[in-house]
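Commentary on secondary and tertiary structure
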Amino acid sequence: MKSIERDIILVVDDIDINRMILHEILHTDYDILEAGSGMEALDILFPANGKPAEILPTAILLDVMMPGMDGFEVLEIIKKNEITKNIPVLFITATNSEENETRGLITGAADYITKPFNSVVVRARIDNHINLARYRHNLEHLVSIKTAEVTKTYESTLEVLATIIEYRNLESGAHIRRTTLLSQVLIDGMLKSESFKAQLAELSIPSLVKASALHDIGKIAIPDGVLLKPGKLTNEEFNIIKTHTTIGSHVIDSIALNLPDNDQYLKYAKDICHYHHERWDGHGYPVGLCAEEIPLAARIISVVDVYDALVSPRCYKEPLSHEVSMNIIMEGKGTQFDPNIVDILPDVADAFKQVEEAHRD
């Protein structure tokens, strides 16, 4: 019969007799790890280059007063790590050490137990905090599931809206699919470049790729007579077309009103909607940003959007070949487009062509 896995308690105390007493109180209900110093405890928790152990204790009993590294220093390191910060830490204190108890609770200790040890109190406090930590973990898991469900719903709704706009523009919804696929291809190429590794490491790439589908959502407010005009636009009509960038930004803002401020998907969507027609040389619209003033997400989608527009049929033009389209973008290096992004294109050109052929209108 397979044995049931038990919770693990790490007991940290420089006095042997204290560890022995706590071991005797707890060993029937828990597996016990022992450390005689703060450094020894950290070696158990972070055995390899500061990375947490694969199997961590369920709770930690930590003596405050120890030579070398005291309990407060150990607690600070535990709380700084994203993986170990939620392990309940109970300070071991002397009966008259109210100052240490107060400081420990403020620092992040879950509770404290006093010496001499009362076996019933020790077990009860540990049981309570383990159950509380488990309940909190389950609650956080449920919240994350519900949040993911809500996020998927509004992302799907926005993508449907973007597809409707493409059909209104007399274009196939395949443009949305191509835009997201081309964005991923280009980003994969950029990840191999030293010029972009650090910048991309700070971004949520899946959110950025999904947000690319919303780049033209502002066209929902452009009159049909302008949006679908087969001939050359007048200056007045072109100024109307330009407003789809700011309108798209406002649409995203209205959606974001009841969502978290740190929602990365909507942040990228807003940057892309607002700035994907800005130019590297500062002659774009609607703001006239230049070079790295333009958010990286918008610089990426700018290249992808122009490529797809060139190779696709439009009401005002015939499609161009992959090779001609690539040459046009290359000619825009350092003027219309980020030169470092354009330098990536030769490495991803074949993949661009495959996407275009596989998802043609």
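Our subject is the structure listed above.
Overview of the structure. (Residues numbered from 1 in each chain as written. Predicted model: local features only at pLDDT ≥ 70, side-chain atom pairs only at ≥ 80, totals over all residues. Heavy atoms only, no water.)

**A word on the sheet that holds strand 2 (residues 31-35)**
- Reading across from one edge, 2-1-3-4-5 is the order of the five strands in this open sheet, with parallel pairing throughout. This sheet does not close on itself; its edge strands, each paired only once, are strand 2 and strand 5 (111-115). Direction aside, the axes of adjacent strands within the sheet are offset by 20° on average.
- With four bridges joining them, strand 1 (residues 8-12) and strand 3 (residues 59-63) adopt parallel strand pairing. Looking at strand 3, one finds that Leu10 is bridged to Ile60.
- Each of strand 1, strand 2 and strand 3 is contacted by helix 2 (residues 38-45), which is oriented at about 130° to strand 2, the strand it contacts most. (Pairing = 2+ DSSP bridges. Helix = DSSP H or I, 4+ residues; strand = E, 2+ residues; numbered from the N terminus. Axes fitted to C-alpha atoms, helices over the stretch in contact; angles between N-to-C directions. Contact = heavy atoms within 4.5 Å.)

**Here we look at the pattern of salt bridges**
- Taken as a whole and judged by the stated rule, the model has 18 salt bridges.
- Among the ionic pairs, Glu82 bridges to Lys85, the shortest N-O distance being 3.1 Å.
- Of the residues examined, Glu82 reaches a relative accessible area of 57% and is grouped as exposed.
- Look at Lys85 and you get partly exposed, because its relative accessible area is 30%.
- Close ionic contact of Lys353 with Glu323 constitutes a salt bridge, the shortest N to O distance being 3.2 Å. Of this pair, Lys353 sits in helix 15 (residues 345-358) while Glu323 is found in helix 13 (residues 322-331), placing the two residues 30 residues apart along the sequence.
- When its relative accessible area of 28% is taken as the criterion, Lys353 is described as partly exposed.
- Put simply, Asp16, Arg19 and Glu34 are held in one network by salt bridges that share partners. (Salt bridge = Lys/Arg side-chain N within 4 Å of Asp/Glu carboxyl O. Buried < 20%, exposed > 50% of the residue type's maximum accessible area, 1.4 Å probe, protein only.)

**Looking at a nonpolar patch on the surface**
- There is a patch of nonpolar side chains on the surface, built from Ile15, Ile17, Met20 and Ile21 and spanning about 360 Å² of accessible area.
- Inspection of the secondary structure assignment puts Ile17 in helix 1 (residues 16-26). (Patch = residues over 30% accessible without salt bridge, like charges linked within 9 Å, V, L, I, M, F, W, Y side chains within 5 Å. Areas by Shrake-Rupley, 256 points an atom, 1.4 Å probe, with all protein chains shown as cover.)

**Side note on the pairing of strand 4 (residues 89-94)**
- Of all six residues making up strand 4, five are buried, and the element is well covered by its neighbours.
- Following the chain from strand 3 across helix 3 (residues 71-80) to the adjacent parallel strand 4, one finds a crossover that is right-handed.
- Relative to strand 5, strand 4 is paired through five bridges, and the arrangement is parallel. Residue pairing for strand 5: Thr93 is matched across the bridge by Thr114. (Right-handed = clockwise from strand over helix to strand, strands pointing away.)

Nothing here speaks to function; it is all geometry.
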